[in-house]
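Architecture at a glance
These are the residues of each chain, in order.
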Amino acid sequence: LSGEDPYLGARLAPVYVQSVQNEGVMAVIKHFAFNEQETERNSEDSVVSERVAWELYYPPFEAAIKAGAGAVMCSYNKVDSGYACGNPTLLRDDLKGRMGFSGFVMSDWGAVHGTNAIEGGMDMEQPSANFFQPGKLNDVDSDAVRDAARRVLASIYHLRIDENPGCELPCAKERSTNQRTATHLQLAEDAAAAGVVLLQNKGVLPLDPNRVKTLAVLGAAATAQDTQNTWGPGSPYSGGGSGHVPAPHVVTPLQGIRERAKQAGISVVTEHTHMEHLSRKPTATEAASRRLRGAAKAVEDADVVVVVGATTATESADRFNLALDDGADALIAQVSKTKTTVVLLEVPGAVLTPWRDQTAAIACLFIGGERTGSAWASVLFGDVVPAGKLPITFPASLVGTLRPEHNTVAYEEGLLTSYRSPSLRAAFPFGHGLSYTTFVYSEPRFVDSNCGARICVSVLISNSGHARGAEVVQAYLSFSSVPGTPELVLRGFKKTSWMNPGDMEEVTFGFTDRDLSTYDDQKHGWKQQPNCRIAVHIGASSADVRHVLPFSKTECSTDPEDVEVVPAPKEAKEKEDGFFSGWFVR
């Protein structure tokens, strides 16, 4: 849920946790911690500084814990030479101590390496008791065993699962029921359409039936079906590995677009490719050449060409590259030389887009589910106006990207990842996403201190275009003269209501003490930075800043007083609704 930003994760994780647990299902946060690559995940040793841990990687976990998550799953990897599942610094000190987690820690499958893991903060071994069984726990600290049992029971009682278990484990009958009601299918379609991010549009979208009479839909992903396995490479519709949920009844992009185009009186043509037998998988160039030969007539007849490109990801392995599968990059590059081309990306993360300058439009959907085709159609034809924003950066090249490492993985980049990195040039930056209309941002201003936060800033957003739309307004803070701090860090985002042309809406951001702080790993705590060091950058993305408002017109003294921010006592009342409430100034 975090994308590439801790604040984003800290805002989204609590909503998910509460929604899941309101249904009587325990939410499990995973994987804790620093499991940022799948390469050698069972053995690699992540080395992360204290400041980077607390500023960049811990905040989503903290927020989920505050939301009442019942369990945390520890990861396979090592952290500072000790396996995460049994690492006392990670589990006892940071998670249960400083974060105040009162639920239980379960292992990832087979991630326990000995009975002493329970003394290191592990509470439940999964999927079976290889080490956590009576005979083997006799020599383990009995207080640690009792604490583990108490924590498991506490989470069960907290969610009243003992009173309302829902079904008898393993709940096979319930899990095999068909939940594909008309309401659920429409919800799946609406969610997928809302998740579409319009990356580029040179005026071709939404498609105009008065100008487009024939539409070509190309690419292997245009007709792809879901993989019907519960472990494997995944598909354009559902991620791979243990999280894969097979969908036997997907609406493919070709099906969805063809159905909607028929209503608009637009003819849809596609490729007719004979894939001769090969003893090996064709190269990207060979795959693209075959598709071009089979699609030549369709491309020739079309007014606009839609190319659907996809790549997939799975568990226990990282992607080999940032290219699209099945020769889609070569297909896009060739077709867009002669035809107005719209590219639809179905991806699990960032990809390279070397053909972007010669294409008319690009849209992205991250693992859209079984109604993907219908969602694409609704956006292409303007039934749904895109309002999504990128939770990651799409790099312009491989320069500045981070690659999986072997053995010891030192997080030497520190806080400088994604949009925070000065060496990463973006093709499409973090927070980017276009609409079918445009928005004007007024000059931001400070608002009354009774706003519920330490500092509040308001900005007026106007729909200056010709279509209905909604904007996700973003607030980034800059901390001058704080060593190792990125130029910008996200500290607020709000989506406006759906506005008609000419409508205006005021958006207010409240910044808490924690929002205005950076972590000091020498003092092992947060320091609230003085206002003279802080400015807020309001804009439509991390690279599209419309206005900058300094928090103070007075320059800092040479040695400004540092104010340490520490975790509030558990009985303290939470009054702030910012990046993270429950913190106070000492």
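Quantities reported herein were computed from a predicted structural model and do not represent experimental measurements. (Residues numbered from 1 in each chain as written. Predicted model: local features only at pLDDT ≥ 70, side-chain atom pairs only at ≥ 80, totals over all residues. Heavy atoms only, no water.)

1. Digging into the overall build of the protein
Where we set the bar: Put simply, DSSP H or I for four residues or longer makes a helix, DSSP E for two residues or longer makes a strand, and each gets a number counted from the N terminus. Only C-alpha atoms enter the radius of gyration; for comparison, a globular chain is expected to reach 2.2 Å times N to the power 0.38, where N is the number of residues. With a 1.4 Å probe rolled over the protein chains alone, any residue whose accessible area is under 20% of its type maximum counts as buried; one over 50% counts as exposed, and the rest are partly exposed. Throughout, a residue-residue contact means that at least one pair of heavy atoms, one from each residue, lies within 4.5 Å. Note on areas: Shrake-Rupley with a 1.4 Å probe; residue coverage comes only from the protein chains shown. Two residue types count as positive, namely Lys and Arg, and two as negative, namely Asp and Glu; His and chain ends fall outside the count. Taken as the charge location is NZ of Lys, CZ of Arg, CG of Asp or CD of Glu.
The secondary structure content of the protein amounts to 11 helices and 27 strands. Computed over the C-alpha atoms, the radius of gyration of the protein is 26 Å, within 12% of the 25 Å expected from 2.2 N^0.38 for a compact globule of 586 residues. On the principal axes, the C-alpha backbone points of the protein span a range of 75 × 65 × 45 Å. Put simply, the protein has 586 residues, and 52% of those count as buried. Within the protein, counting contacts between residues at least 6 apart in sequence, those at least 24 apart form 71% of the total. On the protein, roughly 27600 Å² of surface is accessible, and the fraction owed to carbon and sulfur atoms is 51%. Of the side-chain charges in the protein, 54 are positive and 70 negative, and the distance between the mean point of each set is 5 Å.

2. Focus: the confidence of the model for the protein
The test is simple: Known as pLDDT, the predictor's confidence for each residue is given on a scale from 0 to 100.
With 93% of its residues at a pLDDT of 70 or more, the protein has an overall mean of 91. The model gives residues 274–278 a pLDDT under 50, and that stretch makes 5 contacts with residues more than four places away or in other chains.

3. Thoughts on the nonpolar core
What counts here: Take the buried residues of types Ala, Val, Leu, Ile, Met, Phe, Trp, Tyr and Cys, join any two whose side-chain atoms come within 4.5 Å, and each joined set is a nonpolar core.
With 47 residues, the main nonpolar core has F32, F34, Y58, L90, L95 and M122 as its most contacted residues. At the level of elements, α1 (6–21), β1 (28–32), α2 (50–57), α3 (59–66), β3 (71–74), α4 (88–98) and α5 (142–158) are the ones that each hand at least two residues to this core. Considering every element that reaches this core, the biggest residue donor is α2, with 5 residues. Dropping the residues within four chain positions of it, Y58 is found in contact with F32, A33, F34, A53, L90, D94 and M99.

4. Looking at the side chain of K527
What counts is decided by this rule: Here a polar contact is recorded for every N or O atom pair within 3.5 Å, except that within protein the pair must consist of a potential hydrogen donor and a potential acceptor, and residues adjacent in sequence are included only if both atoms are side-chain atoms.
Summarising the element assignment, K527 is placed in strand β23 (residues 525–528). A distance of 2.5 Å separates a polar atom in the side chain of K527 from a polar atom in the side chain of D520.

5. A word on α3
Judged by how many residues are buried, α3 sits mostly within the fold: 7 of 8 residues are covered. All of the buried residues in α3 are P59, P60, F61, E62, A63, A64 and I65. Positioned one or two residues after α3, G68 has a phi angle of 95 degrees, which is positive.

6. Describing the state of the cysteines
Rules: Cysteine sulfur atoms that pair up within 2.5 Å are treated as a disulfide.
On inspection of all chains with the given rule, the structure shows 2 disulfides. The residue that forms a disulfide with C167 is C171, at a sulfur-sulfur distance of 1.9 Å. The S-S bond linking C167 to C171 shows a torsion near 90 degrees; that makes this disulfide right-handed. We classify C167 as partly exposed; its relative accessible area is 24%.

7. As for the pattern of salt bridges
Selection rule: Here a salt bridge means any side-chain nitrogen of Lys or Arg lying within 4 Å of a carboxyl oxygen belonging to Asp or Glu.
Applying the stated criterion across every chain yields a total of 20 salt bridges. Across the salt bridge formed by R180 and E370, the nearest N and O atoms sit 2.7 Å from each other. Of this pair, R180 sits in the loop between α6 (172–175) and α7 (182–194) while E370 sits in the loop between β12 (361–366) and α11 (372–380), placing them 190 residues apart in sequence. Given the relative accessible area of 17%, E370 is considered buried. Measuring nitrogen to oxygen at the nearest pair gives 3.2 Å for the salt bridge that ties E471 to K389. Here K389 lies in the loop between α11 and β13 (394–395) and E471 lies in the loop between β18 (455–463) and β19 (472–479), a separation of 82 residues in the sequence. Residues E471 and K389 agree in their burial class; the two are buried. Salt bridges sharing partners connect three or more residues here, namely E38, R41 and E315.

8. Details of the packing of helix α8 (residues 253–264) against α11
Our working definition: Axis geometry follows a simple rule: fit a line to the C-alpha atoms, using only the stretch in contact for helices, then measure angles between N-to-C directions, giving values from 0 to 180 degrees. Convention used here: angles under 35 degrees read as roughly parallel, angles over 145 as roughly antiparallel, angles from 65 to 115 as roughly perpendicular, and any remaining angle as oblique. By convention the crossing between two helices is left-handed if the near helix lies anticlockwise of the far one by an angle smaller than a right angle, and right-handed if it lies clockwise. In this classification, the charged set is Asp, Glu, Lys and Arg, the nonpolar set is Ala, Val, Leu, Ile, Met, Phe, Trp, Tyr, Cys and Pro, and all remaining amino acids, among them Gly, are polar.
Axis separation between α8 and α11 bottoms out at 7 Å; the angle between their running directions is 45 degrees. Relative to α11, the element α8 lies oblique. Crossing of α8 against α11: the hand is right-handed. Every residue of α11 that contacts α8 at P253, G256, I257 and R260 is listed here: G373, S374, W376, A377 and L380. The residue inventory of the contact of α8 with α11, partitioned by class, reads 5 nonpolar, 3 polar and 1 charged.

9. Quick look at the environment of P60
Residue placement: P60 occurs in helix α3. Since its relative accessible area comes to 11%, P60 is described here as buried. Spatially, the C-alpha atoms of P60 and S2 are 7.0 Å apart, while their sequence positions differ by 58 residues. Excluding residues within four positions of it along the chain, P60 makes contact with S2, P6, G9, A10 and A13.

10. Regarding the sheet that holds β19
The following threshold applies: A pair of strands is considered paired only if DSSP assigns at least 2 bridges between the two.
If you trace the 4 strands from one edge of the open sheet to the other, you get β20-β19-β24-β25, paired in antiparallel fashion. Lying at the two open borders of the sheet, with one neighbouring strand each, are β20 (489–495) and β25 (545–550). Neighbour to neighbour, the strand axes of the sheet diverge by 20 degrees on average, direction disregarded. The sheet contact formed by strand β24 (residues 534–539) and β25 spans 5 bridges and is antiparallel. Each bridged residue has a counterpart across the sheet, and for G539 the counterpart in β25 is V545.

11. Details of unusual backbone geometry
Here the residue pair F32 and A33 is connected by a cis peptide bond, since its omega of 5 degrees sits within 30 degrees of zero. Here the amide bond leading from Q126 into P127 is cis, since omega sits at 0 degrees, within 30 degrees of zero. Summarising the element assignment, P127 is placed in the loop between β6 (104–107) and α5. Of note, the phi angle at R160 is positive, near 55 degrees, even though the residue is not glycine. Along the chain, the position of R160 falls in the loop between α5 and α6.

12. Some remarks on α5
Where we set the bar: To estimate the expected span of a helix, subtract one from its residue number and multiply by 1.5 Å. To be clear, the arc concerns the directions from the helix axis to the C-beta atoms.
For α5, built from 17 residues, the straight-helix expectation of 24 Å at 1.5 Å per residue is met to within 8% by its first-to-last C-alpha distance of 24 Å. Of all the residues in α5, the buried ones are A144, A148, R151, V152 and S155. With its buried residues spanning 90 degrees around the axis, α5 presents them on a single face. At its buried positions, α5 is contacted by α4 and β6. Where α5 begins, one side-chain oxygen reaches toward the backbone nitrogen of D143, 3.0 Å away; that side chain belongs to D141. R160 occupies a position one or two residues after α5 and carries a positive phi of about 55 degrees.

13. Details of the pairing of β6
Residue alternation in β6 divides its side chains into two sets, F104 and M106 and V105 and S107, and both sets are buried. Relative to β6, β3 runs parallel, the two sharing 4 bridges. Counted as the bridge partner of C74 is S107 from β6.

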